[in-house]
Each structure stands twice: as C-alpha cells, then as structure tokens.
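Fold and contact review
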Amino acid sequence: MPHGFAPAATPAASESVADAIRQAATGNRLRDGIPVYFTAEGAWSPAIDDAAHVAGAAADALLREAQSRNAAATPDAVIAPYLIEVVDAGGRLRPVTLRERIRAFGPTTRRAAG
Amino acid sequence: MYRYDEFDRRFLERRVAQYRDQVRRRLDGRLSEDEFRPLRLQNGLYLQLHAYMLRIAIPYGTLSSAKLRMLAHVARRYDRGYGHFTTRQNIQFNWIKLEQTPDILAELATVELHSIQTSGNDIRNTTADPFAGVAADEIEDPRPYCELIRQWSTLHPEFSFLPRKFKIAVSAAATDRAAVRVHDIGLYLRRNAAGEVGFEVLIGGGLGRTPMIAKTLRQFLPKQHLLSYLEAALRVYNEFGRRDNLFKSRIKILVQSLGIEKMREAVEAEWAAMDKGALELSPEAIADVARHFAPPLYAPPGDDDEESLDRASRANPAFARWLERNVAAHKAPGHAIATISLKPPGRSPGDASAEQMELVADLADAYSLGEIRVSYEQNLVLPNIRRAALPEVWQRLDAAGLGTANIGLASDIIACPGLDFCSLANARSIPIAERLSAHLAARDREIGDFHIKISGCINACGHHHVGHIGILGVDKNGEEFYQITIGGSADENAALGAIVGPAVSSEQVTNAVDNLIGVYLRLRSDGERFPDTYRRVGLAPFKEALYAAH
C-alpha cells in the first residue's frame, strides 16, 4: 500500500494532534496539471516529501512566498497555490485530508494499484 | 452516420488554430488563469486533482471505427493508455497535459471529433438511445433529429451563455434507454392518433442537488417545428432562468417555480410570436440529414443461422449467458445488437484500454458495418451484428476482457470518477463500485435486472437518484460516508429514489446493499422486477433491514 494511505503515525504522548499538524503549500503545475509542492529552496516539486512545512502563523508567510514564486509566468508556473495540512508520519509527509492524499499519492482504484 | 462537409471541417480547423494560440499565450503568461479558464472550458478541458481532464464529445453516442481508433491513439499517446466513457455518452481522458492539448484537438479534428460544448453554460452533447436506428421497438430513427439539434445548438449565438448547462436527450423506442425524463429537455418520438410521427416534449428533468422528473411541455409537436420550439423554450430559460444562485440556475428550478402551466404558456407565447423562418424544418431539410443515417443493406439471414447459434450456445454456457444478457433484438431479420460490458467485476466501470478500443473498432469493421455506440450506462454497443457471427464476436471480446455477461444486472454498475479524480467530489465512488461488483457478480443471475448507481458528490454524475439502489458519497467530518437511496428508475417509468436512512461508512456499504437485495429477493413475486416489488411493498421493509443490520 502506498505510504500515503497507511494509518497515520500516532502523535507522541507529549504532543497533541493539533501540534503535530503542519502546513505546506501546493498547487497544480500549469503545463501538465500535476500537483506540486513548494520546497524550502523556493522551487516546486511533485514529491510531497520535498515540501516545506511550517506550523502556526508561519503558514501565511509560506503561502505568500509560494505565490510570489509564480510572479514570472512560465510553463512551470503553478496555478493558485494554497495551504494544506500535513503530518509527519515516520519521517514521511502525509496530508491530513483524503482528497490531498489522493492528490499526493494518486488514485486508489484497482487500475492505479496495477 | 453524419459526415462533415467542407464548412464543418474548416470550422474545426480554425477552432483548433484559435485554441492553439490561446494555449501558447497562456503558457507564456500573456493570458492569466482567470482569462484562460473559460477558454479552455469551452474546449472541454478541466483541471482536476492530478492533471487536466479532456472531455470529448461523441454526438448522440455514435462512433465510427476510425473515430474509436483515434480515441485509442489519444489514450495511448497522450494519456495512460485508457479512456473513460461517461453517463452522457462522451469520453474523458484523465491524465492530459495542457501543452499537448492543441495537438490532441488537431488529431481529433482529422476524424471529425472535438471537445466543443462539453463544458460551460451552453447546450451540451445531445444524447440518444444507443440502439437508435436499429432497435426492434423503435418507431423511427431519432438520430437525424439529434444531428439537427447538434447543428442548431453548436455555437448558437443566443445560447452560449445560458444561466447554466443544458442537456437534451432523445428516444424513439418503447423502452427508454436514454434516461429522457431526467434531462433539461427530453424528446420522445411518438405516433399520434392520426398516425403522424412527432415529438412529446418534456422539460425540467434533472439530477444533482434538486432532482426532478421532467414534465410534459407539449404532448405532440409535429417534426417540422422541432428546432423552432426548442428555440422558444431556450429563449424563455435564457431570459428567466436564475443567474444569481448557482444551485438554482437549471431550467428545472424555473419550471418548478413557475409551474408547468405557466412555463407552457411562456414557451407557447414565445413560439407563437417568433419568426420561425429558417428554423422550420421542411421535409427536404429533414431528408437531407436523414440520408446520412439511411439503413444499410442488411444481408438476409442464412438458412441455418439460428441452428448454428443454438449449437454454439449449447456448446458454451458462458457464451449462452452473454447471448441472453448482452444481445438485443434488431429491426433487421438475422441481425442483433450486442452490448459490450465495460464493467468486469472488480474493475473501474466505463473504462476501456487503448487495446480494447482498437479491438472493438476492428470488430465493428468486421461485423457491425463500421459502427459503435456508447450508452449512458457506460458500456459500448455493436449495433449491426449478424446473429450467426455472435459466437465469434463474443470469443474475441472475451479474450480481451470484454465478454462479461452482466448487462442490466447488479454488477453492471454506473459510477462517476469520484474523489479519485474529480475536483468536485466529496468521496470516492470507483472503489465502492469495484468492491460491490466483485461481491455481487456471482449472484447476478439470481438477483436479475438490477441497477446500482454511485455518485461521489451531489452533482450526481453517477445518476444515483435513479438507481434501484443509489449510493451518494458524502464527507462527514473528513470521513467518507455513503447515503443510500432506493427505488429510483431512469427508464420510461422514471422515479427518484428515497433515502433509506442515515449514511453508512465505506466499510458498511457492501453489507447494506446485501441487506437491501436480500429484502427484495425475499419479498419479490415470481419474475417481479425490483421497481415493481418496491412499489408494492414500499420503503419500510428495506429501511428496517438496513437499520436492523446496524
């Protein structure tokens, strides 16, 4: 099973679920529509594990930075970046919502599973 | 079938060139996303969860082998090797790249295919009985009228920015295989008491957030008035349909708020006052289009066709089952209509690989006079097969995974793409369909005719409202739940399903469906189909069974 669809790691006893949730920026790449994630280096990667993820008030700044990286309109531009919630599941990033997990890891149909 | 003339071909070429320039300007930034979005939607290109989705129009569900081969080529070259046939007789590709779409549209144009008006607030693909022109129970071929509607509605200057999308369906048979009564306008070709053929015009049907069964706007409309009358109805909708609220903008809401009497008055008044002029269809104009659909010269049946078919059937029980379920009566002696199931148990409903499409195209050329149909139930049809050839056709289909004998049975499930693909969805539909079809397939024959329909959101692209069992995916606090309805029907006795009770979890769906089917099997009279059992016993026993199980 792709790791994105495995049960989420349980937060450590010392942290609440809310504390474990961080935010990342994502959008769809203009030229081919694939989901991409904003990295700490200011680039966009199709791999969610490359995403920069922050907590609390830093999320707005992350989104502004992601949006500003789209000022130059090129085929690699990203359409309408937005924030998503993610958790660290044993060193791998996993979106909180099913919809974003499907975006990150692909469809869950039998055809997709091969 | 209809063949483009020079005007049509040049129009498509110019349209593709226009779109190619629009894409170029989007990619280099001269067009913003807000500026570009309506332009790409006018060419059927959506941005979904994983990629762009391209919806290609298949006018009234009719394909030539050349067109189907081109769709296979698109699947192979530009997508991931498969396509998805939809509940509007179109095809969708899920993995399209924007930068390749001009080339895709250019290639489609070479076989007279396009994606125009498969999105937007315009008149969409007019759908029809997939057995049109060949059905034994048909009074006249509806396809010339579908083609006339297509020509009238394409880039109609007055109706390109309607309050909302507009869908028309046409049937000319006793059995409604086009879900006519749940369309914005539905048309039944009928014969009146004087023996004349014309249209019963229905209006205000639809699914989605507020499902409604269409009402009769005009009991009998002579054929020559078809386009002028539609024009009048669309003018009334265009003027009075709501534009202030997306959820109240379909014509069904207007019909509901005015009432059918006032709606009829408004349409008839508009029709009486309008200059019908070129919209009136002379017999010559109808004949000019109808000649594209002239029945072919069917070979007469051979003397031992039925005997050889009978021998093949007795020799192979799997073929016999397919013959019984998937083959329908044709109006020409010695011929048959074969429905190809795209619902192998445990797989995504309505999908076909490039190889499967090419095989069907080959079979169409060899056995079906080059023609294929798409049904709104997400299956394909070979409409012109000699009965003696059915065993060979089935063998070749079966070898390619296309031989499932489940048409109209419980495992012949309709499902939208759902949350696995669609940006509008709240829950997944395909995995539910896969699990259910795998679970029910072994009991298909025991259960008999049964229609299960699954939608991943309230937009109801999976037609759940009109399923014998309908399943609607909802999001409850981030978890997928499924609301179950029962008693719907999409045929000439159309009915909307009733909600059985609170939504069930994904894990509970199979059990819930089992329980409901169990009630039906326990209570049905001999040979009684599900809708009749439901009408006789009501909701209560089904509700009790579902609650009792949980």
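Source: prediction; values computed, not measured. (Residues numbered from 1 in each chain as written. Chains lettered and ligands numbered in written order. Predicted model: local features only at pLDDT ≥ 70, side-chain atom pairs only at ≥ 80, totals over all residues.)

1. Comments concerning the overall build of chain B
- Within chain B one finds 18 helices and 21 strands.
- Dimensions of chain B, computed from the C-alpha atoms along their principal axes, are close to 60 × 60 × 60 Å.
- Counting across all 550 residues of chain B, residues that qualify as buried make up 54%.
- Sequence-distant contacts, at least 24 apart, represent 67% of the contacts inside chain B between residues at least 6 apart. (Helix = DSSP H or I, 4+ residues; strand = E, 2+ residues; numbered from the N terminus. Buried ≥ 20, exposed ≤ 12 C-beta atoms within 10 Å, placed from the backbone. Contact = placed C-beta atoms within 7 Å.)

2. Comments concerning the environment of Val-78 of chain A
Residues and elements named next belong to chain A.
- Residue position: Val-78 is located in strand 4 (residues 78-89).
- A C-alpha to C-alpha distance of 26 Å links Val-78 and Gly-91, two positions 13 residues apart in sequence.
- Aside from chain neighbours lying at most four places away, what touches Val-78 is Gly-27, Asn-28, Arg-29, Leu-30, Val-36, Trp-44 and Asn-70.

3. A closer look at the interface of chain B and chain A
- Listed per partner, the contact involves 25 residues of chain B and 23 residues of chain A.
- The element best represented in the side of chain B that touches chain A is helix 14 (residues 430-440) of chain B, accounting for 3 residues.
- When grouped by side-chain class, the residues that make up the side of chain B that touches chain A number 10 nonpolar, 5 polar and 10 charged. (Nonpolar A, V, L, I, M, F, W, Y, C, P; charged D, E, K, R; others polar.)

4. Things to note about the environment of Leu-369 of chain B
Residues and elements named next belong to chain B.
- The topology assignment puts Leu-369 in the loop between helix 12 (354-367) and strand 14 (371-374).
- We classify Leu-369 as partly exposed; it has 19 C-beta atoms within 10 Å.
- Along the backbone, Leu-369 and Pro-383 are 14 residues apart, and their C-alpha atoms lie at a distance of 8.5 Å.
- Other than its neighbours up to four places away in sequence, Leu-369 contacts Pro-296 and Asn-384.

5. Examining the pairing of strand 7 (residues 168-171) of chain B
All names here are of chain B.
- Residues Ile-168 and Val-170 line one face of strand 7 and the alternating positions Ala-169 and Ser-171 line the opposite face, and both faces are buried.
- For strand 6 (residues 127-128) and strand 7, the ladder comprises 2 bridges, and the chain directions are parallel. Counted as the bridge partner of Ala-128 is Val-170 from strand 7.
- Each parallel crossover has a hand, and the one from strand 6 via helix 5 (residues 143-153) to strand 7 is left-handed.
- Here strand 7 pairs with strand 8 (residues 185-191) via 4 bridges, running parallel. In the sheet register, Ala-169 faces strand 8, and the bridge partner there is Gly-186. (Pairing = 2+ DSSP bridges. Right-handed = clockwise from strand over helix to strand, strands pointing away.)

6. Remarks on the domain arrangement of chain B
All names here are of chain B.
- The domain boundaries assigned to chain B delineate domain 1 (6-109), domain 2 (142-292), domain 3 (305-399) and domain 4 (414-549).
- Domain 3 puts 8 residues into the contact, and the matching count from domain 4 is 8 residues.
- Residues belonging to the side of domain 3 that touches domain 4 are distributed by class as follows: 2 nonpolar, 3 polar and 3 charged. (Domains from an automatic or database assignment.)

7. Remarks on helix 8 (residues 260-273) of chain B
All names here are of chain B.
- If you check helix 8, its first and last C-alpha atoms are 20 Å apart, about what 14 residues at 1.5 Å a residue would give, namely 20 Å.
- Among all positions of helix 8, only Met-263, Arg-264, Val-267 and Trp-271 are buried. Each buried residue of helix 8 sits inside an arc of 100° when the element is viewed along its axis, so together they form one side. Opposite the buried face of helix 8, by more than 90 degrees, sit the exposed residues Glu-261, Lys-262, Ala-269, Ala-272 and Ala-273.
- At its buried positions, helix 8 is contacted by strand 9 (197-203), strand 10 (215-222), helix 6 (226-240) and helix 7 (251-258). (Expected span 1.5 Å × (residues − 1). Arc of directions from axis to C-beta.)

8. Observations concerning unusual backbone geometry
Residues and elements named next belong to chain B.
- Phi at Gln-89 is positive, roughly 65°, even though this residue is not glycine.
- Taking the C-beta count within 10 Å as the criterion, Gln-89 has 26 such neighbours and is therefore assigned buried.
- With a phi close to 60°, His-463 is a non-glycine residue in the positive phi region.
- Topologically, His-463 is positioned in the loop between strand 17 (452-455) and strand 18 (469-476).

9. Quick word on the sheet that holds strand 6 of chain B
- An order of 6-7-8-9-10 (chain B) is seen for the 5 strands of this open sheet, with the pairing classed as mixed. At either margin of the open sheet sits one strand with a lone partner, and together these are strand 6 and strand 10 of chain B.

10. Things to note about helix 1 (residues 6-27) of chain B
Residues and elements named next belong to chain B.
- In a regular helix each residue adds 1.5 Å, so 22 residues correspond to 32 Å; helix 1 covers 32 Å between its end C-alpha atoms and thus fits that length.
- Among the residues of helix 1, those classed as buried are Leu-12, Val-16, Tyr-19, Gln-22, Val-23 and Arg-26. When helix 1 is viewed along its axis, its buried side chains cluster within an angular range of 125° and face the same direction. Turned more than 90 degrees from where helix 1 packs its buried face, Glu-6, Phe-7, Arg-10, Arg-14, Gln-18 and Asp-21 sit exposed.
- Residues of helix 1 that are buried in the fold lie against helix 2 (33-41) and helix 4 (101-109).

11. Section: the packing of helix 14 of chain B against helix 16 (residues 509-523) of chain B
Residues and elements named next belong to chain B.
- Put simply, helix 14 and helix 16 touch, their axes get as near as 10 Å, and they point 45° apart. Between helix 14 and helix 16, the crossing angle belongs to the class labelled oblique. The interaxial crossing formed by helix 14 with helix 16 has right-handed handedness. Taking contact as the criterion, the partners of Ile-432, Arg-435, Leu-436 and His-439 in helix 14 are, on helix 16, Val-509, Thr-510 and Val-513.
- Per-class residue counts for the contact of helix 14 with helix 16 are 4 nonpolar, 2 polar and 1 charged. (Axes fitted to C-alpha atoms, helices over the stretch in contact; angles between N-to-C directions. Parallel < 35°, antiparallel > 145°, perpendicular 65-115°, else oblique. Left-handed = near helix turned anticlockwise from the far one by under 90°.)

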